[in-house]
Amino acid sequence: MNRPGSDRERIIIFDTTLRDGEQSPGASMTIDEKIRVAEVLERMGVDVIEAGFPIASEGDFKAVREIAKRIRGSVVCGLARASAADIDRAGEALEPAERKRVHTFIATSPLHMRVKLQMEPEEVLERVRDSVTRARRWTDDVEWSAEDASRSDRDFLCRCIEIAIDAGATTVNIPDTVGYAYPEEFADLIRHIRDRVPNIDRAVISVHCHNDLGLAVANSLRAIEAGARQVECTINGIGERAGNAALEEIVMAIRTRADLLPFETGIRTTEIMSASRLVSAITGFQVQPNKAIVGANAFAHESGIHQDGVLKDAQTYEIMRPEDVGLVKSSLVLGKHSGRHAFRKKLEELGYKLGDNALNEAFVRFKQLADKKKEVYDEDIVALVDDEIQAADQRVRLAELRVECGTGIRPRARMVLEVDGERREAAATGDGPVDATFKAIRAIVPHEAELPLFQIHAVTEGTDAQAVVTVRLEENGRTVHGQSADTDTLVASARAYLAALNKLLTKRGKTAPAALTA
Ligand code: KIV
Ligand code: ZN
């Protein structure tokens, strides 16, 4: 698949942030959040969006269906194990999609077949044929994956692939499920498949690498050089255990090392930062500062020698231009005299398109922030707008908070919440001001959720910086995150807790917050 006039071969970007990414412990997303991520992926030019695992839960099914209804620019894909029930559920969820793919998988390594599947190899071969045949009833676009392919017997793996293609698979995916492969070894496996599978020319070879040894991106790139034409990846590299290959790293490596890699992707790289920020805000997973491409320090130059070099010619220490990944050098720092027009322009620069109501609310919050802070930086605006978007449909909202704390007194919080529009009040004491604040929330909306994570970091430098607070709540195996930013750490803490609590209420479905007080 080449661009007209381009001699570069096109690599298909298959994003699995919403499926494998969401399988990261603690990364679960609501349906609305998944839709927002899918829209950003579509805008970015992702070829295939794996939207979920429809049989896994009612929520997953609905999310895949809603995404299938809305997304037109990308193929929408749903995952299914090698069973008729799984495949039909995926097929039903994908029905509204303009372009759909059913992705079915079964393990092929001796260990997985014996211990997990408790199946003989011959039975697995039969399942491969049956599952792909079943998936073809729903769509012509069927992907088949050999789970734990990198630890499978090569001859057996090749037989599975041949059968999958014979039954109608148009993409065959070779996962390094446990992140065990080594780049040259993995490239050799891809070459072996190309040499030995007689019908391989009828399917696209895909790779799906996990990052347990930090080699997911290297393995993916070597596989491309060896003949893979689809890579599976996630934004910020989130995913099971140590994560998946990071989309932004693969795409920027292909682009930056075009001298070595005669390939191209259809990704609009200028959307990378907004996708990264959105996924981080929704999952509550902070991007480590030194993370390649999207970390806060990825384009920062601290040492004098480096700064001097970059000022003379950016290429001295920059191999990519920050603007190519969507990092706009701030032409405009906002302050309390900035008007609505400048604010709107800044939002556009940062990749946000808000409706009139959301824009008005964000502008009010911006003015409040600008009253407290002399200069409002891009990072402040991003935190503020993400907060606003997250708060849009909340049933439980913070109306007032007063906290007393200091030496010699027991911290005490008095709080008013709006619960489904009704004001409710409580006061509580605690071991510290945050503890008192959270206890006041529990007094108004009683719940048993545990708080395994409470994290604060400053958005920018200085004592007037906004604090971004991330809260994780867990209840009956459900995990949710909330995040909020404010110059007042306690207000940010209360809002972050409420953001998580609101998600928990949504996940519980029908239970009204009022009923929780019984
Ligand atoms: O890692 C893996 O093997 C997977 C498959 C389901 C593709 O995620
Ligand atoms: Zn995986």
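Quick notes on the rules
- Residues numbered from 1 in each chain as written.
- Chains lettered and ligands numbered in written order.
- Predicted model: local features only at pLDDT ≥ 70, side-chain atom pairs only at ≥ 80, totals over all residues.
- Heavy atoms only, no water.
- Helix = DSSP H or I, 4+ residues; strand = E, 2+ residues; numbered from the N terminus.
- Rg over C-alpha atoms; globule rule 2.2 N^0.38 Å.
- Buried < 20%, exposed > 50% of the residue type's maximum accessible area, 1.4 Å probe, protein only.
- Donors = N, O, S within 2.8 Å, 3.2 Å for Na, K, Ca; no water.
- Expected span 1.5 Å × (residues − 1).
- Contact = heavy atoms within 4.5 Å.
- Near = heavy atom within 4 Å.
- Polar contact = N/O pair within 3.5 Å; in protein donor to acceptor, adjacent residues only side chain to side chain.
- Areas by Shrake-Rupley, 256 points an atom, 1.4 Å probe, with all protein chains shown as cover.
- Nonpolar A, V, L, I, M, F, W, Y, C, P; charged D, E, K, R; others polar.
- Salt bridge = Lys/Arg side-chain N within 4 Å of Asp/Glu carboxyl O.
- Pairing = 2+ DSSP bridges.
- Patch = residues over 30% accessible without salt bridge, like charges linked within 9 Å, V, L, I, M, F, W, Y side chains within 5 Å.
- Lys, Arg positive; Asp, Glu negative; His and termini not counted.
- Charge placed at Lys NZ, Arg CZ, Asp CG, Glu CD.
- Axes fitted to C-alpha atoms, helices over the stretch in contact; angles between N-to-C directions.
- Phe/Tyr/Trp six-rings, centres within 6.5 Å; stacked < 30°, edge-to-face > 60°.
- Lys NZ or Arg CZ within 6 Å of the ring centre and 35° of its normal.
- Right-handed = clockwise from strand over helix to strand, strands pointing away.
- Core = buried A, V, L, I, M, F, W, Y, C linked by side-chain atoms within 4.5 Å.
- Domains from an automatic or database assignment.

**What to know about the overall build of the chain**
Part 1 of the reasoning: The secondary structure content of the chain amounts to 17 helices and 16 strands.
Part 2 of the reasoning: Its C-alpha radius of gyration of 25 Å places the chain within 12% of the 24 Å reference for a compact globule of 518 residues.
Part 3 of the reasoning: For the chain, the C-alpha atoms occupy an extent of roughly 75 × 65 × 40 Å along the three principal directions.
Part 4 of the reasoning: The 518 residues of the chain split such that 55% are buried.

**Quick look at the coordination of the zinc ion (ligand 2)**
Put simply, a metal with four donors set out as a tetrahedron has ideal angles of 109.5 degrees, and one with six donors set out as an octahedron has ideal angles of 90 or 180 degrees.
Part 1 of the reasoning: Within the protein, the atoms that donate to the zinc ion (ligand 2) are Asp20 (OD), His208 (NE2) and His210 (NE2), at distances of 2.0 to 2.1 Å.
Part 2 of the reasoning: Within one chain, the residues serving as donors to the zinc ion (ligand 2) are arranged as D-x187-H-x1-H. With Asp20 in the loop between β2 (12-15) and α1 (31-44) and His208 in strand β8 (residues 204-209), this pair connects stretches of sequence that are 188 residues apart.
Part 3 of the reasoning: The exposure class assigned to His208 is buried, which follows from its relative accessible area of 5%.

**With respect to helix α10 (residues 272-283)**
Part 1 of the reasoning: Under the 1.5 Å per step criterion, the end-to-end length of α10 is 17 Å for 12 residues, consistent within 8% with the ideal 16 Å.
Part 2 of the reasoning: Where α10 is concerned, the buried positions are Ile272, Met273, Ser274, Ala275, Ser276, Arg277, Leu278, Val279, Ser280, Ala281, Ile282 and Thr283.
Part 3 of the reasoning: The inward-facing, buried residues of α10 abut α1, α9 (247-256), α14 (378-391), β16 (478-486) and α16 (489-508).

**Here's the deal with the site of ligand 1**
Part 1 of the reasoning: Taken together, Arg19, Asp20, His103, Phe105, Ser145, Glu147, Asn173, Pro175, Thr177, His208 and His210 form the complete shell of residues around ligand 1.
Part 2 of the reasoning: In this structure, an oxygen atom belonging to ligand 1 sits 3.0 Å away from a side-chain N or O atom of Arg19.
Part 3 of the reasoning: For ligand 1, whose accessible area on its own is 260 Å², the fraction buried by protein is 94%.
Part 4 of the reasoning: Going through the elements one at a time, β5 (100-107), β6 (142-147) and β7 (171-176) are the ones with two or more residues in the shell around ligand 1.
Part 5 of the reasoning: Here the residues of the shell around ligand 1 sort into two nonpolar, six polar and three charged.

**Some remarks on the pattern of salt bridges**
Part 1 of the reasoning: Per the stated rule, a full pass over the model turns up 47 salt bridges.
Part 2 of the reasoning: With a shortest N-O distance of 2.9 Å, Glu225 and Arg222 are connected by a salt bridge. With Glu225 and Arg222 both in helix α8 (residues 216-226) and three residues apart, this pair spans about one turn of that helix.
Part 3 of the reasoning: Of the residues examined, Glu225 reaches a relative accessible area of 41% and is grouped as partly exposed.

**A few points about the pairing of strand β15 (residues 467-475)**
Part 1 of the reasoning: Among the nine residues of β15, eight are classified as buried, and the element is accordingly described as predominantly covered.
Part 2 of the reasoning: Examined bridge by bridge, strand β14 (residues 450-458) and β15 share seven bridges and lie antiparallel to one another. Counted as the bridge partner of His457 is Val468 from β15.

**Digging into a negative patch on the surface**
Part 1 of the reasoning: A cluster of acidic residues, Glu120, Glu123, Glu126 and Asp130, forms a negative patch on the protein surface.
Part 2 of the reasoning: Mapped onto the secondary structure, Glu126 falls in helix α5 (residues 121-136).
Part 3 of the reasoning: When its relative accessible area of 53% is taken as the criterion, Glu126 is described as exposed.

**A short note on the sheet that holds strand β13 (residues 422-429)**
Part 1 of the reasoning: Reading across the sheet, the three strands line up as β11-β12-β13 and stay open at both edges, with antiparallel pairing between neighbours. Among the strands making up the open sheet, the edge pair consists of β11 (396-404) and β13. Direction aside, neighbouring strands of the sheet carry axes that sit 15° apart on average.
Part 2 of the reasoning: Taken strand by strand, α16 contacts β11 and β12 (412-419), and its axis lies near 150° from that of β11.

**Topic: the packing of aromatic side chains**
Remark: the centre distance and the inter-plane angle together describe each pair of aromatic rings, the angle taken between the planes.
Part 1 of the reasoning: Evaluation of the coordinates by the stated rule reveals six aromatic pairs.
Part 2 of the reasoning: Aromatic side chains Phe343 and Phe366 sit 4.9 Å apart centroid to centroid with 20° between the ring planes, which places their arrangement in the stacked category. Taken together, the positions of Phe343 in helix α12 (residues 340-349) and Phe366 in helix α13 (residues 356-372) put the pair 23 residues apart, joining distant regions of the chain.
Part 3 of the reasoning: Their ring planes at 45° and their centres at 4.5 Å tell us that Phe438 and Tyr497 sit as a pair that is tilted. Pair noted here: Phe438 is in helix α15 (residues 433-444) and Tyr497 is in helix α16, with a separation of 59 residues, a long-range link.
Part 4 of the reasoning: Accessibility expressed as a relative area gives 0% for Tyr497, which makes it buried.
Part 5 of the reasoning: An aromatic cluster of at least three residues, connected via ring pairs, comprises Phe343, Phe363 and Phe366.
Part 6 of the reasoning: The cationic tip of Arg89 hangs over the ring face of Phe61; the distance from NZ or CZ to the ring centre is 3.7 Å.

**Points about the side chain of Ser74**
Part 1 of the reasoning: Assignment of secondary structure puts Ser74 in the loop between α2 (58-70) and β4 (75-81).
Part 2 of the reasoning: Setting aside anything within four residues of it in sequence, one finds Ser74 in contact with Glu42, Val46, Asp47, Ile49 and Arg99.

**Thoughts on the pairing of strand β3 (residues 48-52)**
Part 1 of the reasoning: Here β3 lies mainly inside the structure; five of its five residues are buried.
Part 2 of the reasoning: The β-α-β motif built from β2, the intervening α1 and the parallel element β3 has right-handed crossover chirality.

**Comments concerning the sheet that holds β6**
Part 1 of the reasoning: Read once around its circumference, the closed barrel built from eight strands follows the order β2-β3-β4-β5-β6-β7-β8-β9, with strand pairing classed as parallel. Strand-to-strand, the axes of this sheet are offset by a mean angle of 25°, without reference to chain direction.
Part 2 of the reasoning: With six bridges connecting them, β7 and β8 associate as parallel partners. Within β8, the residue paired with Ile174 across the bridge is Val207.
Part 3 of the reasoning: The strands touched by helix α3 (residues 84-94) within the sheet are β4 and β5, with β4 carrying the most contacts at an inclination of about 160°.

**Observations concerning the nonpolar core**
Part 1 of the reasoning: Counting 94 residues, the largest nonpolar core has Met44, Trp144, Ile161, Val172, Ile174, Ile193 and Val207 as its most contacted members.
Part 2 of the reasoning: A per-element tally of this core places helix α6 (residues 154-167) first, with nine residues.
Part 3 of the reasoning: Domain assignment of the residues forming this core places at least three in each of domain 1 (10-283) and domain 2 (299-327).
Part 4 of the reasoning: Those residues in contact with Ile174 that lie beyond four places of it in its chain are Ala149, Ile161, Phe186, Leu189, Ile190, Ile193, Ile205, Ser206, Val207 and His208.
Part 5 of the reasoning: Grouped together as the second largest cluster of nonpolar side chains are 30 residues, Leu473, Val480, Val491 and Ala496 included.

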